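Here is what each chain is made of, one letter per residue.
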Amino acid sequence: MGSLLRSVSGVRWADLRDTTGAPAGGIPPLLSRIAYGDEDTARTATEELGDAVCALGFVVSEATAPAVPFLVELAGAPHVACKAELLDLLESICQTDQWHSAAAAAGGSKRDTSYRQQPGWEADARTAVFAGRSVIEGVASSVRPKEAAAARRLLQVIDHIPPFPEL
């Protein structure tokens, strides 16, 4: 993948599922297209990656949390063309609470076992976004207004997001 995404091959993507339920093996090529493609290629790949890791802007999967560090890495890389879009995707991932809300409405994990893993996916993804804070802070001071604004919005979300509902 190159020096930018050198640890992406350390993730067992084929063992993970994306938001469609398909194996997440398509995520590394999308990350590579974002990192090394031209602006149009990178934007298209970001949209496709958004569908795979945060469907509809509010549903995450088991592949989301492993993808987040690479999204953060790309958002902090100097030559990546679609930083604002990556930061918007990270914001959506951070705000996701669909599975927690569904589990809480079903009476929590004690009463409905169909929601045992999914809230963990959300918590892990949010934790991964929080771990990228220093990179996001760096982008917030960018001279590019669109990137800086997206990073500042994400930092606001990180600072003010309520905890997940009790299950």
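Going by the structure above, here's the rest.
Right, let's walk through the structure included here. (Residues numbered from 1 in each chain as written. Predicted model: local features only at pLDDT ≥ 70, side-chain atom pairs only at ≥ 80, totals over all residues. Heavy atoms only, no water.)

Focus on the packing of aromatic side chains
The cut-off we apply is this: Whether two aromatic rings pair depends on their centres lying within 6.5 Å, for rings of Phe, Tyr and Trp, where Trp uses its six-membered ring; planes under 30 degrees apart make the pair stacked, over 60 edge-to-face, and the rest tilted. Per the convention used, a helix needs a DSSP run of H or I reaching at least four residues, while a strand needs a run of E reaching at least two, with both numbered from the N terminus. The classification of residues rests on relative accessible area computed with a 1.4 Å probe and restricted to protein chains. Under 20% of the type maximum is buried, over 50% is exposed, and intermediate values are partly exposed. For a Lys NZ or an Arg CZ to count as sitting over a ring, it must be within 6 Å of the ring centre and within 35 degrees of the ring normal.
Considering all chains together, one arrives at 1 aromatic pair under this definition. Judged by centre distance (6.2 Å) and plane angle (55°), the rings of Trp13 and Phe70 are tilted. A residue pair is termed long-range when its members are at least 10 positions apart, and Trp13 in the segment before α1 (27–36) and Phe70 in helix α3 (residues 64–76) qualify at 57 residues. The exposure classification of Trp13 matches that of Phe70, with both residues buried. A cation over an aromatic ring shows up here: Arg126 above the ring of Phe164, its NZ or CZ 3.7 Å from the ring centre.

Describing the nonpolar core
What counts is decided by this rule: Remark: nonpolar core denotes a set of buried residues (Ala, Val, Leu, Ile, Met, Phe, Trp, Tyr, Cys) joined through side-chain atoms within 4.5 Å. What makes two residues a contact is simply this: any of their non-hydrogen atoms within 4.5 Å.
Among the nonpolar cores identified, the biggest contains 50 residues, and Ile27, Leu31, Leu74, Leu87 and Ile93 are the most heavily contacted of them. Tallying contributions element by element places α3 first for this core, with 8 residues. The contacts of Leu74, once residues within four sequence positions are left out, are Leu4, Leu5, Leu31, Ile34, Ala35, Val80, Lys83 and Leu86.

Some words on the packing of helix α4 (residues 83–95) against helix α8 (residues 145–160)
Our working rule: For every element, the axis is a line fit to its C-alpha atoms; helices are fit only across the contacting stretch, and the angle between N-to-C directions ranges from 0 to 180 degrees. Note on angle classes: values under 35 degrees are labelled roughly parallel, values over 145 roughly antiparallel, values of 65 to 115 roughly perpendicular, and the remainder oblique. Handedness of a helix crossing follows the sense of rotation of the near helix relative to the far helix, less than a right angle counterclockwise being left-handed and clockwise being right-handed. The classification used treats Ala, Val, Leu, Ile, Met, Phe, Trp, Tyr, Cys and Pro as nonpolar, Asp, Glu, Lys and Arg as charged, and all other residues, Gly among them, as polar.
Packing of α4 against α8 brings their axes to within 8 Å, and their N-to-C directions diverge by 10°. The angle between the axes of α4 and α8 places the two elements in the roughly parallel class. Relative to α8, the crossing made by α4 is left-handed. Of the residues in α8, those touching α4 at Lys83, Ala84, Glu85, Leu87, Asp88, Leu90, Glu91, Cys94 and Gln95 are Lys146, Glu147, Ala150, Ala151, Arg153, Leu154, Val157 and Ile158. Considered class by class, the residues forming the contact of α4 with α8 number 9 nonpolar, 1 polar and 7 charged.

Re the side chain of Glu91
Residue position: Glu91 is located in helix α4. When its relative accessible area of 16% is taken as the criterion, Glu91 is described as buried.

Side note on the environment of Thr96
This is how it is decided: Pairs of N or O atoms within 3.5 Å make up the polar contacts considered here, provided that, within protein, one atom can donate a hydrogen while the other can accept it, and that residues adjacent in sequence are counted only when both atoms are side-chain atoms.
As for its placement among the helices and strands, Thr96 is situated in the loop between α4 and α5 (98–105). Along the sequence, Thr96 and Val129 sit 33 residues apart, while their C-alpha atoms lie 12 Å from each other. When neighbours within four sequence positions are excluded, Thr96 is seen to be in contact with Cys54, Gly57, Phe58, Val59, Val60, Glu122, Arg126 and Phe164. Among the polar contacts listed, one links the side chain of Thr96 to the backbone oxygen of Ser92, at a separation of 2.7 Å.

Re the pattern of salt bridges
What counts is decided by this rule: One speaks of a salt bridge when a side-chain nitrogen belonging to Lys or Arg is within 4 Å of a carboxyl oxygen belonging to Asp or Glu.
Enumeration over the complete set of coordinates arrives at 10 salt bridges. The salt bridge involving Glu85 is made with Arg43; its shortest N-O contact spans 2.4 Å. Residue Glu85 is found in helix α4, and its partner Arg43 is found in helix α2 (residues 39–53); the two are separated by 42 residues along the sequence. What makes Glu85 partly exposed here is its relative accessible area of 24%. The closest approach of N and O atoms between Arg153 and Glu91, which form a salt bridge, is 3.8 Å. Of the two residues, Arg153 sits in helix α8 while Glu91 sits in helix α4, which places them 62 residues apart along the sequence. Overall, Arg153 belongs to the partly exposed group, its relative accessible area being 39%. One network of salt bridges, with partners in common, ties together Glu39, Arg43, Glu85 and Lys146.

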